[in-house]
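Next come the chains, spelled out residue by residue.
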Amino acid sequence: MPLAPQRADVPVTIDESKCIEGCTLCVDMCPLDSLAIDERNGKAYMHVDECWYCGPCAARCPTGAVTVNMPYLLR
């Protein structure tokens, strides 16, 4: 099944144009293992819709490809 390039309804989005192929920094930082590497293109994506909004995945990304979509009530 093909992956959608960007989903706005998930807590974490990955900009594939900025994501470095083979980099696993954001995946390694996620305490819930919510992020994974797509075997087809070597880029990160959110494979489950669970997130603590803790932010280390976005903070650790060297290119700014990871965005944590913080719900308004948690800001």
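Provided above is the structure to which this section pertains.
Residues numbered from 1 in each chain as written. Predicted model: local features only at pLDDT ≥ 70, side-chain atom pairs only at ≥ 80, totals over all residues. Heavy atoms only, no water.

Colleague: Hey, could you run me through empty space enclosed by the protein in this one?
Modeller: Rolled over the atoms, a probe with the dimensions of a water molecule shows which regions are left empty. Under the counting rule described, the total for this entry stands at two cavities of 30 Å³ or more. Each pocket or cavity is described by its volume, and for the largest cavity that value is around 110 Å³. Lining the largest cavity are 16 residues, with Val12, Cys30, Cys51, Cys54 and Cys57 sitting closest to its centre. A class-by-class count of the residues in the lining of the largest cavity yields 13 nonpolar, two polar and one charged. Estimates place the volume of the second largest cavity at around 80 Å³. (1 Å grid on protein atoms, 1.4 Å probe; cavity = no way out; pocket = protein on both sides within 12 Å on 5 of 7 lines; lining within 4 Å. Points joined across faces, edges and corners; volume = space filled by probe spheres on them. Nonpolar A, V, L, I, M, F, W, Y, C, P; charged D, E, K, R; others polar.)

Colleague: Quick question: what am I supposed to make of the nonpolar core here?
Modeller: Generally speaking, nonpolar side chains in soluble globular proteins are found buried as a group. In this structure, Val12, Ile14, Cys26, Leu35, Ala44, Cys57 and Val66 are the most contacted members of the largest nonpolar core, which totals 14 residues. If you list the elements that add at least two residues to this core, you get strand S1 (12–14), helix H1 (25–29), strand S3 (44–46) and strand S4 (66–68). The contact partners of Leu35, leaving out residues within four places of it in the chain, are Val12, Ile14, Cys26, Val27, Cys30, Tyr45, Met46, His47 and Cys57. (Core = buried A, V, L, I, M, F, W, Y, C linked by side-chain atoms within 4.5 Å. Buried < 20%, exposed > 50% of the residue type's maximum accessible area, 1.4 Å probe, protein only. Helix = DSSP H or I, 4+ residues; strand = E, 2+ residues; numbered from the N terminus. Contact = heavy atoms within 4.5 Å.)

These values are about where atoms sit, not about what they do.
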